[in-house]
Amino acid sequence: MYNSEELKDKILKLKKEKNAVILAHYYQEEAIQDIADFVGDSLELSRKASQTDSEIIVFAGVHFMAETAKILNPNKKVLLPDLDAGCSLADACSADEFANFRYQYPDHLAISYINCSAEVKAMSDLICTSANAVKIIQSIPKGQPILFAPDKNLGKYLIRETGRDMLLWEGACMVHEAFSIEKIMEVWKKYPKAKLVAHPESEPHLLKVADFVGSTSAMLKFVQKDDHPSYIIATEAGILHEMQKAVPQKVLIPAPSHENNTCACSECAFMKMNSLENLYQCLKLGAPEITLDPDIQTKALLPIQKMLNIS
Ligand code: 13P
Ligand code: SF4
């Protein structure tokens, strides 16, 4: 067993030897964010994945993100430290059910949130992330009916923001759905002036009282630009690492969730399946690797490329 510092050294050495790049989402544990070549949100990570010269991409994130990197780089090796690192949104939208949904509404354009499987992407007309979703919806001519999957909370937020009526799939993020407004009100008793900054995967009643709603990268930019001393952050707690580095003088409070009586923050169990240890093993062994059906890969690339062109 190596300690954290030894693991970091070994990862950095192997990464260089193997010409690998480590892409990490903001929700990863701090040590992984610190060692990554790039830390970002879903959109930024897709962009980085499409631009890298490295032979191997190690994705410190969840399965759909690594799949997206593979779709964008069919000839590269894409590794994910734990193939079981899924997502409740992707799990809520099986390829069969989605095919059926599309079949029922043949005139609708299908826009899917990037948090879905490669099979669902392959059946979609356009992909979006939370950072570009408003722009993507606005790019569709008025009058064109739209169905949106799989996040109903993001979907409802987009309907409010764009004024477009969309048919919504019934999926939700188990982390963002767990935030408790009652417990947030308890936090406000202690920090009455703290602004609430929320990710659009959160429920409508929470977004309604939020001072700012945006993707993880937009939240990060907001707390940097906004002149205020304290914020309650309603998204996965991993973002607080990058945020606190950016605004060391500000008080950042993770939004409490229903299940957690100690008022601690919500964490995504899938994101936290990655550790320095399995990241090291994955680089050393060159596995587990993301593999995709070539037909699915080709079809899924089109709506992702369209998204990257629009945003
Ligand atoms: P963004 O990275 O688009 O902010 O989305 C958050 C998320 O839940 C990723 O799984
Ligand atoms: Fe999926 Fe939610 Fe975890 Fe993001 S935070 S990976 S949306 S379960």
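Residues numbered from 1 in each chain as written. Chains lettered and ligands numbered in written order. Predicted model: local features only at pLDDT ≥ 70, side-chain atom pairs only at ≥ 80, totals over all residues.

Per an unreviewed UniProt entry, the recorded name for the protein is Quinolinate synthase, and the organism is Echinicola jeungdonensis. According to UniProt, the comment filed for the protein under the heading Sequence similarities (unreviewed entry) is "Belongs to the quinolinate synthase family. Type 2 subfamily." (UniProt positions renumbered as here; feature names shortened; annotations may be inferred.)

S.K.: Could you clarify how one ought to interpret the confidence of the model for the protein in this entry?
M.R.: Low pLDDT means the predicted atomic positions in that stretch should not be read closely. With 98% of its residues at a pLDDT of 70 or more, the protein shows a mean pLDDT of 96. Predicted as a complex, the structure gets a pTM of 0.96 and an ipTM equal to 0.97. (pLDDT = per-residue confidence, 0-100.)

S.K.: In this structure, what is going on with the sheet that holds strand S7 (residues 146-149)? I would like to understand it.
M.R.: Strand-to-strand pairing in sheets goes through backbone hydrogen bonds, with the strands running parallel or antiparallel. Strands sit in the order S6-S5-S7-S8 across an open sheet of 4 strands; the sheet is parallel. Each of the sheet's edge strands pairs with one partner strand only, and the pair in question is strand S6 (126-128) and strand S8 (166-168). Going from strand to strand, the sheet's axes swing by 30 degrees on average, the running direction of each strand aside. Two elements, S7 and S8, share 3 bridges in a ladder whose sense is parallel. When the bridges of S8 are listed, Leu147 appears paired with Leu167. Strands in contact with helix H9 (residues 152-162) are strand S5 (109-113), S7 and S8; relative to S8, the strand with the most contacts, it is inclined by about 165 degrees. (Pairing = 2+ DSSP bridges. Helix = DSSP H or I, 4+ residues; strand = E, 2+ residues; numbered from the N terminus. Axes fitted to C-alpha atoms, helices over the stretch in contact; angles between N-to-C directions. Contact = placed C-beta atoms within 7 Å.)

S.K.: What is the right way to look at the site of ligand 2 in this model?
M.R.: For ligand 2, the set of nearby residues contains 13 residues, the closest of which are Cys87, Ser88, Cys173, Val175 and Cys268. Of the residues in the shell around ligand 2, the class split is 9 nonpolar, 2 polar and 2 charged. (Near = placed C-beta within 6 Å. Nonpolar A, V, L, I, M, F, W, Y, C, P; charged D, E, K, R; others polar.)

S.K.: What is the right way to read the domain arrangement of the protein from this model?
M.R.: On domain assignment, one finds that the protein holds domain 1 (4-84 + 271-291), domain 2 (89-172 + 299-310) and domain 3 (176-254). The interface of domain 1 with domain 3 comprises 11 residues on the first partner and 8 residues on the second. Looking at the side of domain 1 that touches domain 3, the elements that each hand over two or more residues are helix H2 (30-35) and strand S2 (38-40). Across the side of domain 1 that touches domain 3, the residue classes tally to 4 nonpolar, 3 polar and 4 charged. (Domains from an automatic or database assignment.)

S.K.: Quick question: what am I supposed to make of the site of ligand 1 here?
M.R.: Taken together, Asp41, Ser42, Cys87, Asn115, Thr129, Ser130, Ala131, Cys173, Glu201, Ser215 and Thr216 make up all the residues around ligand 1. Class assignment for the residues of the shell around ligand 1 results in 3 nonpolar, 6 polar and 2 charged. Residues lining the shell around ligand 1 come from more than one domain, with at least three contributed by each of domain 2 (89-172 + 299-310) and domain 3 (176-254).

S.K.: Explain the UniProt feature "binding site: iminosuccinate" (unreviewed entry) in the protein here, please?
M.R.: According to UniProt, the positions carrying the feature "binding site: iminosuccinate" (unreviewed entry) are His25, Ser42, Tyr113, Ile114, Asn115, Ser130, His199, Pro200, Glu201 and Thr216. Residue placement: Ser130 occurs in the loop between S6 and helix H8 (133-138). Exposure remark for Ser130: the 27 C-beta atoms within 10 Å place this residue in the buried category. Contacts of Ser130, omitting those with residues within four sequence positions, involve Leu154, His199, Pro200, Glu201 and Ser215. Mapped onto the fold, His199 is located in the loop between strand S9 (195-198) and helix H11 (204-209). On the neighbour-count criterion, His199 (29 C-beta atoms within 10 Å) is buried. (Buried ≥ 20, exposed ≤ 12 C-beta atoms within 10 Å, placed from the backbone.)

S.K.: So what exactly am I meant to see when it comes to helix H3 (residues 42-51) here?
M.R.: Turn by turn, an α-helix covers 3.6 residues, leaving residues three or four places apart pointing in a common direction. When H3 is considered as a whole, its buried residues turn out to be Ser42, Leu43, Leu45, Ser46 and Ala49. Looking down the long axis of H3, one finds its buried residues gathered within 165 degrees of arc, a one-sided arrangement. Looking at the buried side of H3, the elements it contacts are strand S1 (20-25), S2, strand S3 (56-60), helix H4 (63-72) and helix H15 (294-310). (Arc of directions from axis to C-beta.)

S.K.: What exactly am I supposed to notice about the UniProt feature "binding site: [4Fe-4S] cluster" (unreviewed entry) in the protein here?
M.R.: When the UniProt feature table is mapped onto this chain numbering, "binding site: [4Fe-4S] cluster" (unreviewed entry) sits at Cys87, Cys173 and Cys268. For this annotated set, covering 182 residues, all C-alpha atoms fall within 9.3 Å of each other, a compact arrangement in space. Along the chain, the position of Cys87 falls in the loop between strand S4 (77-79) and helix H5 (88-91). Those residues in contact with Cys87, other than ones at most four positions away along the chain, are Val62, His63, Phe64, Asn115 and Phe270. Structurally, Cys173 is set in the loop between S8 and helix H10 (181-190).

S.K.: Would you explain the pairing of S9 in this entry?
M.R.: Along a regular strand, successive side chains alternate from one face of the sheet to the other. Of the pairings in the sheet, the one linking S9 to strand S11 (residues 230-234) comprises 4 bridges and is parallel in character. Residue pairing for S11: Val197 is matched across the bridge by Ile233. Pairing of S9 with strand S10 (residues 212-213) involves 2 bridges; the strand directions are parallel. Residue pairing across strands places Ala198 opposite Val213, the latter belonging to S10. Regarding topology, H11 serves as the crossover connection from S9 to the parallel S10, and that connection is right-handed. (Right-handed = clockwise from strand over helix to strand, strands pointing away.)

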